[in-house]
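Coordinate inspection notes
Residues per chain are reported as follows:
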Amino acid sequence: MTQSNNKMMEFGEKVKEEMNEDDEYTLDGTVDRHGRPSIRGKSGGWFAGILILVNQGLATLAFFGVGVNLVLFLTRVLQQDNAEAANSVSKWTGTVYIFSLVGAFLSDSYWGRYKTCAIFQGIFVMGLALLSLSTYLFLVKPNGCGVETLECRTHSSVEIALFYLSTYLVALGNGGYQPNIATFGADQFDEEDSKEGIQKVAFFSYFYLALNLGSLFSNTILGYFEDEGMWALGFWCSTGSAFLALVLFLAGTPKYRHFRATGNPLARFCQVVVAAAKKWRTRVPDSGDDLYEYAISGGRKIFHTSGFKFLDRAAIISSKDLALQNEGQNNPWRLCTITQVEEVKCILRLLPICLCTILYSVVFTQMASLFVEQGAAMKTTIGNFKIPPASMSSFDILSVAAFIFIYRRVLDPLVSRLKSKNSQGLTELQRMGVGLIIAIIAMVTAGIVENFRLKSATIDCLNCEGSSTMSIFWQVPQYALIGASEVFMYVGQLEFFNGQAPDGLKSFGSALCMTSISLGNYVSSLLVSVVMKVSKEDDMPGWIPGNLNRGHLDRFYFLLAALTTADFLLYIVCARWYKYIKMGGRESNRGSIHQEKSGECRV
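Residues numbered from 1 in each chain as written. Predicted model: local features only at pLDDT ≥ 70, side-chain atom pairs only at ≥ 80, totals over all residues. Heavy atoms only, no water.

In the nomenclature of an unreviewed UniProt entry, the protein chain corresponds to Nitrate transporter 1.5 from the organism Papaver nudicaule. The Sequence similarities (unreviewed entry) comment attached to the protein chain in UniProt states, word for word, "Belongs to the major facilitator superfamily. Proton-dependent oligopeptide transporter (POT/PTR) (TC 2.A.17) family." Heading Subcellular location (unreviewed entry) of the UniProt record for the protein chain holds this comment: "Membrane". (UniProt positions renumbered as here; feature names shortened; annotations may be inferred.)

Next comes the structure, spelled out in structure tokens:
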């Protein structure tokens, strides 16, 4: 026992030596990799933030190296028709973002964001390596197939299964990683510090910019290689980029700041519902002053809000609860804190906002499917140079880069000066509404372009690709408008869900953003199926047939514009109803420095 005490004393002295009394510690409760409070000057900040931005750019390059031309791979190599390939891409992309919920749950509950990012990036690299290997050995046969002039042979069920196994490993790895890397990057900035708080807001814009710049290489160089049938080379480049991203991420380990995992949020959610149900006959007090609460070490309380009053019953102290407390016991399935109840209320308020962004994601996902197929049916040559249809999404990326600058440097300061109530620009909810409006304009524009394309197309072409005399560059406006809408919608979403999610559910907040994209892809797949089934009646080829010149893709775009308009009206109602979360201050974590034990709270 004496020997153990001596070791503890030695460790305490070592901690004192390492942590100078003049060091400034972060105020937001972050810790270093050893579980000790983070020192501001030696961790986090832009050094760690830039590493994460570069990591995100490389990982995005790898992901879109597969995703951006996947619809063409399915039609040219696996010989699926246009509607089937569009549905397959929508389901795959949707699954990517469904897996974001898995990653967020493991991060918030058990692993923490750093460990979750590292593990899922490893899975991501494995999936890409398997896809590259199977493509090289089995799928692109004969060599050079997958272009307009050379068809690939029919593949066995084992080869098809290997393809889907590898692509869904990519989906699992990227999906589990994405919501955590955005939140982990934000963790490197102390929101309790005035300077770092501003940097944290800026980080989300730069994060989305890094994401888009990373995909620029995929949409141009890799897109060109893959469009020319060099699929294996494109996939191997993606694998190398993902591996480099993982190495860079691990290299920054000593400099990162971490938040401790807070335990299973599902259990806390269920405890509130069960405790409220047990006291369903109890009268709810008019204010939250009489409800149960206690200090949270290193965390923040959430102030009581009106609404969802039924849940307030979970924080009412009954005579039985008092008796248990007098005995030194507390049953969380009978009595919950106000903060715990407000966590549940917060999630319930976020869900309608999340659901209202699904239709936007339906619009967004057309870039990876129907926009590419539409471009392939247009004139794609300039002299002897052929433009890969998927590379047109580079105009979306350039638009994102331009509008991030325009918004942060021009629009936001301008709106701040015009507002009379306060000095802030557009709120996150207002920006998301603007994103929906621009998305509607983008779909109308795409429909008009398709209408004119059909007038210049050869209806009886045997191969629909390149059959129209209309240049593919007429697609630039619809891509640019989608890019502008992303700056308002997705950057706004990242800031909104991260800022409004409770401390223990930050990754879940980012996952909600990803989930809306996921559900949007599934809704897109369902919508395409329904439209094809309805429009094929009376021997009609349908709106999206294999030969787009025989269909009416323009009507599908106009339908999306109408649905998004209805969604925008619903969004206005939900945004006006939403109540922002209000949090108290955070306890200083410096007082507990010397109470940390060796080996505890490691990330």
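Don't stop here, the text continues.
**A word on the overall build of the protein chain**
Looking only at helices and strands, the protein chain features 19 helices and 4 strands. Contacts in the protein chain between residues at least 24 apart in sequence constitute 82% of all its contacts with a sequence separation of at least 6. If you sum the accessible surface of the protein chain, you get close to 25,800 Å²; carbon and sulfur atoms cover 63% of it. (Helix = DSSP H or I, 4+ residues; strand = E, 2+ residues; numbered from the N terminus. Contact = heavy atoms within 4.5 Å. Areas by Shrake-Rupley, 256 points an atom, 1.4 Å probe, with all protein chains shown as cover.)

**Notes on helix α12 (residues 338-356)**
Here α12 spans 28 Å end to end across 19 residues, near enough to the 27 Å set by a 1.5 Å rise per residue. For α12, the tally of buried residues reaches 15 of 19 residues, placing the bulk of the element in the interior. (Expected span 1.5 Å × (residues − 1). Buried < 20%, exposed > 50% of the residue type's maximum accessible area, 1.4 Å probe, protein only.)

**Things to note about empty space enclosed by the protein**
This structure, assessed with the given rule, holds 4 cavities of 30 Å³ or more. Here the largest cavity is characterised by a volume of approximately 540 Å³. Secondary structure elements with two or more residues in the lining of the largest cavity: α2 (45-67), α4 (82-111), α6 (157-187), α7 (194-227), α13 (358-365), α15 (394-418), α17 (476-500) and α18 (506-535). Take the lining of the largest cavity: its biggest share by element is 6 residues, from α7. Per-class residue counts for the lining of the largest cavity are 19 nonpolar, 12 polar and 2 charged. Lining the second largest cavity are 13 residues, with Asp 187, Lys 200, Phe 259, Asp 503 and Lys 506 sitting closest to its centre. A per-element tally of the lining of the second largest cavity places α6 first, with 3 residues. In terms of residue class, the lining of the second largest cavity is built from 2 nonpolar, 2 polar and 9 charged. (1 Å grid on protein atoms, 1.4 Å probe; cavity = no way out; pocket = protein on both sides within 12 Å on 5 of 7 lines; lining within 4 Å. Points joined across faces, edges and corners; volume = space filled by probe spheres on them. Nonpolar A, V, L, I, M, F, W, Y, C, P; charged D, E, K, R; others polar.)

**Some details on the pattern of salt bridges**
Two side chains bearing opposite charge may form a pair once their charged atoms approach each other closely. Per the counting criterion, the structure on display carries 13 salt bridges. Residue Asp 190 is joined to Arg 40 by a salt bridge in which the shortest nitrogen-to-oxygen separation is 3.1 Å. Of this pair, Asp 190 sits in the loop between α6 and α7 while Arg 40 sits in the loop between α1 (2-18) and α2, placing them 150 residues apart in sequence. Arg 40 carries the same exposure label as Asp 190, and that label is buried. For the salt bridge of Lys 345 with Asp 312, the shortest nitrogen-to-oxygen distance reads 2.8 Å. Of the two residues, Lys 345 sits in helix α12 while Asp 312 sits in helix α10 (residues 309-312), which places them 33 residues apart along the sequence. Grouping residues by exposure puts Lys 345 and Asp 312 together as buried. (Salt bridge = Lys/Arg side-chain N within 4 Å of Asp/Glu carboxyl O.)

**Some remarks on a nonpolar patch on the surface**
On the surface, a nonpolar cluster with roughly 480 Å² of combined accessible area is contributed by Leu 133, Tyr 136, Leu 137, Phe 138 and Trp 236. The element contributing the most residues to the nonpolar patch is helix α5 (residues 113-139), with 4 residues. Note on placement: Tyr 136 falls in helix α5. (Patch = residues over 30% accessible without salt bridge, like charges linked within 9 Å, V, L, I, M, F, W, Y side chains within 5 Å.)

**Some thoughts on unusual backbone geometry**
The phi torsion of most residues other than glycine is negative, and most of the peptide bonds are trans. The residue Gln 79 is not glycine, and still its phi comes out positive at about 60°. Within the element layout of this structure, Gln 79 appears in the loop between α3 (70-76) and α4. On the basis of relative accessibility, which here comes to 40%, the residue Gln 79 falls in the partly exposed class. Even without being a glycine, Phe 308 presents a positive backbone phi close to 50°.

**Things to note about the side chain of Glu 196**
Along the chain, the position of Glu 196 falls in helix α7. Polar contacts involving the side chain of Glu 196 include one to the main-chain amide nitrogen of Asp 190, which spans 2.6 Å. (Polar contact = N/O pair within 3.5 Å; in protein donor to acceptor, adjacent residues only side chain to side chain.)

**Thoughts on the nonpolar core**
If you look at the biggest cluster of nonpolar residues, it comprises 129 residues, and the most contacted ones within it are Phe 73, Ile 353 and Phe 556. It is α17 that provides the largest number of residues to this core, a total of 11 residues. Apart from the residues lying within four places of it in its own chain, the contact partners of Phe 73 are Leu 78, Thr 135, Leu 139, Val 140, Phe 163, Trp 231 and Phe 235. The next biggest cluster of nonpolar side chains, apart from the first, holds 12 residues, and it includes Val 272, Ala 275, Ile 316 and Val 344. (Core = buried A, V, L, I, M, F, W, Y, C linked by side-chain atoms within 4.5 Å.)

**A short note on the environment of Ala 186**
Along the chain, Ala 186 falls in helix α6. Measuring from C-alpha to C-alpha, the distance between Ala 186 and Val 201 comes to 8.3 Å, with 15 residues separating the pair along the chain. Filtering out sequence-adjacent residues up to four positions away, Ala 186 remains in contact with Lys 200, Phe 203, Phe 204 and Asn 498.

**Regarding the packing of aromatic side chains**
A ring pair, where both rings are aromatic, is described by two values, the distance of the centres and the angle of the planes. Summed over the entire model, instances satisfying the criterion amount to 33 aromatic pairs. Each ring, one from Tyr 114 and one from Phe 249, has its centre 5.3 Å from the other, and the planes form 20°; the classification is stacked. Of this pair, Tyr 114 sits in helix α5 while Phe 249 sits in helix α8 (residues 231-251), placing them 135 residues apart in sequence. The exposure class assigned to Phe 249 is buried, which follows from its relative accessible area of 0%. A centroid spacing of 5.2 Å and a plane angle of 70° characterise the contact between Phe 163 and Tyr 164, whose relative ring orientation is edge-to-face. A residue is classified by how much of its surface remains accessible, and Phe 163, at 2% relative accessible area, is buried. Taken together, Trp 46, Phe 189, Phe 203, Phe 204, Tyr 206 and Phe 207 form an aromatic cluster joined through their ring pairs. One cation-aromatic arrangement involves Lys 455 over Phe 452; the distance from NZ or CZ to the ring centre is 5.1 Å. (Phe/Tyr/Trp six-rings, centres within 6.5 Å; stacked < 30°, edge-to-face > 60°. Lys NZ or Arg CZ within 6 Å of the ring centre and 35° of its normal.)

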